[in-house]
Amino acid sequence: MKPRLSFQTRVLIGGLAVVLCTLLFVAVLLERSLGERILSQVQGGLEKQLTLAVDLVSDRWRPSQGLDASENLAEDLGRKLGLRITLITPQGLVVGDSEVGRADLERLENHARRPEVVAAMTSGQGSSIRYSSTLGVDLLYVAGLVGDPSRPGLVVRLALPLSELNRTLTGVRRLVLGAMLLGVLLSVGVAFFMARGISRPLKDLTRTAQIIASGDLSPRVRRYPRHEVGDLGRAFDRMADTLQQKIEDITAAHDRQDGILSAMMEGVMLVDPEGRILLVNQALMRLLDLTRDPVGLTSSEMVRNPDLQDAVGAVLAGQPYQSREIRTLGSNPRHLEVHVARLAGDGPQAGGAVAVFHDISERKRVEKMRRDFVANVSHELRTPLTAIRGSAETLLDGALESPHYAKHFVEMIERHTQRLQRLVEDLLDLARLESGQAPPKKDAVDAAELADAVLATFSDLAAEKGLELTRSLPREGLKLWGDRRQLEQAVLNLMDNAIKYTQPGGKVGLSFRAGEGGSVIAVSDTGPGIDPQHLPRLFERFYRVDKDRSREMGGTGLGLAIVKHIVQAHGGSLEVDSQPGRGSEFRLIIPAA
Ligand code: ADP
């Protein structure tokens, strides 16, 4: 994998590479041209000195003079010029050399074949760079001829050790290298600062972008250097401002919508044109007993209900509106009214549907109760009416003639009329209690007085049936907080049942005591008792454990319903303890004042 280099490092490396390449190129060029230049300059200088030396030699040298004089001339000129000077005859014999002593002259090799000497002999002047076997160093030689090539007198040769030239070159090279190094350092510095000037704002920009990407929209770049990166930073900040504004707007709109949806009692479901759920509110989750968010599912995956599928399908297929009543299953079955409407417009949800669910379970329950009630009342009325009508017809058909039959049928008419009357009275009482038009007029009611009144009502009946009536009251007396008339009616109803359903020889008790939740009125009997399965519905209107027996006893099926309503109107509660064969106890708990 390639190493990840920062922008700054890249610029630095790039800058350095350019500078190094340029300097290398310059250095090579300089080295080449400088070497040649210096050599040609030195050679030029040497040639000028040679001309001078040739002039001096032609002035001071005579062919006739001996070796000693030539050697002296060479040494003198060499000293003055600061150079090695060699005097060579056209035959190649060295007659004088400023660096070689007189004694060694004869031992020197013949110089006629030396390239500079050959050139001087033919063209008057010559040069060569060679290793001098005499001195053991590289030398630059220039040679000039005294006289002309047709009559050559003497060859004068000057030599300059190249080591000097090399020293000059090395000096120049050092200078160039130093300048190069300085150049590199300077350019690295400049490149560093330039790269930092660009990379720093880029890093700021990256950091800011990362924070924004992580969800915090508040940071901005703010510092804008005066180049393209600055423009980028400014544009970035503007973009972040717009983004933040947009997101705030969207969030506010979303919060408003969320608030409305969660405050709604109605369930709401939104589906896209493909039938996938986009949104449901809390109310719908509750209405449908959903445990997990159904977003992304289809409505049939959310809840299996053909009517709902049908309505949603019809709207998605192009119908503008559909409504259905559906029943949900599960632990808490409900009746729901669903209105499904097509989403118009050209937004992303266009072609989808919105469904609103109203919980109409309570309405349905009340409707059913009303229907049942009307059916029950009609049924209850039909029996006595049929009996009265039958008796009247029988009387008209001739029974009236027979005093015995006439009495029997008139008594029957009277009995059923009483029953009708009881029924109508009970219905009226119930209607009054249910309507809330007769709220209890509460007052302190003396328990003993209430007990006396109730027992007085039933004493004859109980004696007739051979039942023992008992009463129990706290010695210190007891006051009940309630409506005297309503409380008496409730106790009368309970006592009526106890006496009605208890077989002769049994016992019926009425007791009052002060309990924890208020005053307790208990009516107990040693009657047949009630099977536990009937207890939950015992206080419903027209609910009877044994219908025939109840009718036979003249019951309307409304007594306990009336008791329940009276207790509720007093803010109290009602309890039953009963077991088949063991008698029953009904308790009214009336809260204290
Ligand atoms: P009803 O007019 O039929 O007595 P109620 O509402 O007073 O109507 O009582 C409802 C039913 O409860 C009765 O039909 C009866 O079956 C049962 N019931 C009420 N009180 C007693 C009781 N003390 N012992 C046994 N059954 C009772």
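### Brief notes about the overall build of the chain
Helix and strand content of the chain: 14 helices and 17 strands. In summary, the chain has a C-alpha radius of gyration of 67 Å against a globular reference of 25 Å for 593 residues, an excess of more than 25%. Taken along its principal axes, the extent of the C-alpha atoms in the chain is 210 × 65 × 40 Å. Per-residue burial for the chain yields a buried fraction of 37% across its 593 residues. Of all intrachain contacts in the chain linking residues separated by at least 6 positions in sequence, the fraction that spans at least 24 positions is 57%. For the chain, the accessible area works out to roughly 34,500 Å², and carbon and sulfur atoms hold 56% of it.

### Brief notes about the packing of helix H11 (residues 447-465) against helix H12 (residues 484-501)
Two quantities define a packed helix pair, namely the angle between the axes and the distance from one axis to the other. At a minimum axis distance of 10 Å, the contact between H11 and H12 shows a crossing angle of 25°. Regarding the angle of H11 to H12, the classification is roughly parallel. As H11 runs across H12, the sense of the crossing is right-handed. Contacts from Glu-449, Leu-450, Ala-453, Val-454, Leu-455, Thr-457, Phe-458, Leu-461 and Lys-465 in H11 reach Arg-484, Leu-487, Glu-488, Val-491, Leu-492, Met-495, Asp-496, Ile-499, Lys-500 and Tyr-501 in H12.

### Some thoughts on the sheet that holds strand E15 (residues 519-525)
In space, the 5 strands of this open sheet follow the order E12-E14-E15-E17-E16, with mixed pairing throughout. Lying at the two open borders of the sheet, with one neighbouring strand each, are strand E12 (468-472) and strand E16 (573-578). Strand-to-strand, the axes of this sheet are offset by a mean angle of 10°, without reference to chain direction. Sheet topology note: the E12/strand E14 (residues 507-514) ladder contains 5 bridges and is parallel. By the bridge assignment, Arg-471 is partnered in E14 with Leu-510. Sheet strands in contact with H11 are E12 and E14, and its direction is about 175° off that of E12.

### A word on the site of the ligand
Around the ligand sit 20 residues, and of these Asn-497, Tyr-501, Asp-525, Ser-550 and Leu-560 come closest. One of the backbone nitrogen or oxygen atoms of Gly-559 is found 3.4 Å away from an oxygen atom of the ligand. Where the shell around the ligand is concerned, the elements lending two or more residues are H12, helix H14 (559-569) and strand E17 (584-590). Here the shell around the ligand is composed, by residue class, of 9 nonpolar, 7 polar and 4 charged.

### Let's talk about the packing of aromatic side chains
By the definition in use, this model includes 3 aromatic pairs. When the centroid spacing of 5.3 Å and the interplanar angle of 80° are considered together, the rings of Phe-192 and Phe-193 count as edge-to-face. Arranged with centres 6.5 Å apart and planes meeting at 80°, the rings of Phe-539 and Phe-586 form a pair that is edge-to-face. With Phe-539 in the loop between E15 and helix H13 (547-552) and Phe-586 in strand E17, this residue pair connects regions lying 47 residues apart in the sequence. The pair formed by Phe-539 and Phe-586 is uniform in burial state, with each residue classed as buried. If you follow Arg-541 out to its NZ or CZ, it ends over the ring of Phe-373, 4.4 Å from the centre.

### Quick word on the nonpolar core
Counting 43 residues, the largest nonpolar core has Leu-480, Met-495, Leu-510, Phe-512, Ile-521, Phe-586 and Leu-588 as the members making the most contacts within it. When residues of this core are sorted by domain, at least three fall in each of domain 4 (364-432) and domain 5 (439-591).

### What to know about the pattern of salt bridges
Scanning all chains against the criterion turns up 37 salt bridges. Between Asp-577 and Arg-587 there is a salt bridge, and its shortest N-O distance comes to 3.1 Å. With a gap of 10 residues between them, Asp-577 in strand E16 and Arg-587 in strand E17 connect regions that are remote in the sequence. Relative accessible area serves as the criterion here: at 43%, Asp-577 is assigned to the partly exposed category. Several salt bridges share partner residues, and in doing so they unite Arg-60, Asp-76, Arg-79 and Lys-80 into one network.

### Considering the sheet that holds strand E6 (residues 267-271)
With antiparallel pairing, 5 strands are arranged side by side in an open sheet as E7-E6-E10-E9-E8. A strand with exactly one partner marks an edge of an open sheet, and here the two such strands are strand E7 (277-280) and strand E8 (321-327). Between one strand axis and the next, the sheet turns by 20° as a mean value, whatever way the strands run. Two elements, E6 and strand E10 (residues 353-359), share 5 bridges in a ladder whose sense is antiparallel.

### Description of helix H4 (residues 162-213)
Over its 52 residues, H4 runs 72 Å from end to end, which matches the ideal 76 Å to within 8%, given 1.5 Å per residue. At Arg-196, H4 is deflected by roughly 25°, the largest bend along its length. Downstream of H4 by a residue or two, Gly-215 has a phi angle that is positive, lying close to 115°.

### Remarks on the side chain of His-111
The topology assignment puts His-111 in the loop between strand E2 (94-97) and helix H3 (115-123). Excluding its chain neighbours within four sequence positions, the residues that come into contact with His-111 are Ile-88, Gly-92, Val-94, Val-117 and Arg-157.

### Brief notes about the confidence of the model for the chain
Detailed reading of predicted coordinates is not advised where the pLDDT is low. Put simply, the chain has an average pLDDT of 90, and 100% of its residues get 70 or more. Here H13 stands out as the element of the chain with the lowest mean pLDDT, 81, in contrast to E15, whose mean of 97 is the highest.

About the thresholds
- Residues numbered from 1 in each chain as written.
- Predicted model: local features only at pLDDT ≥ 70, side-chain atom pairs only at ≥ 80, totals over all residues.
- Heavy atoms only, no water.
- Helix = DSSP H or I, 4+ residues; strand = E, 2+ residues; numbered from the N terminus.
- Rg over C-alpha atoms; globule rule 2.2 N^0.38 Å.
- Buried < 20%, exposed > 50% of the residue type's maximum accessible area, 1.4 Å probe, protein only.
- Contact = heavy atoms within 4.5 Å.
- Areas by Shrake-Rupley, 256 points an atom, 1.4 Å probe, with all protein chains shown as cover.
- Axes fitted to C-alpha atoms, helices over the stretch in contact; angles between N-to-C directions.
- Parallel < 35°, antiparallel > 145°, perpendicular 65-115°, else oblique.
- Left-handed = near helix turned anticlockwise from the far one by under 90°.
- Pairing = 2+ DSSP bridges.
- Near = heavy atom within 4 Å.
- Polar contact = N/O pair within 3.5 Å; in protein donor to acceptor, adjacent residues only side chain to side chain.
- Nonpolar A, V, L, I, M, F, W, Y, C, P; charged D, E, K, R; others polar.
- Phe/Tyr/Trp six-rings, centres within 6.5 Å; stacked < 30°, edge-to-face > 60°.
- Lys NZ or Arg CZ within 6 Å of the ring centre and 35° of its normal.
- Core = buried A, V, L, I, M, F, W, Y, C linked by side-chain atoms within 4.5 Å.
- Domains from an automatic or database assignment.
- Salt bridge = Lys/Arg side-chain N within 4 Å of Asp/Glu carboxyl O.
- Expected span 1.5 Å × (residues − 1).
- Bend = angle between axes of the 7 residues up to and from the residue.
- pLDDT = per-residue confidence, 0-100.

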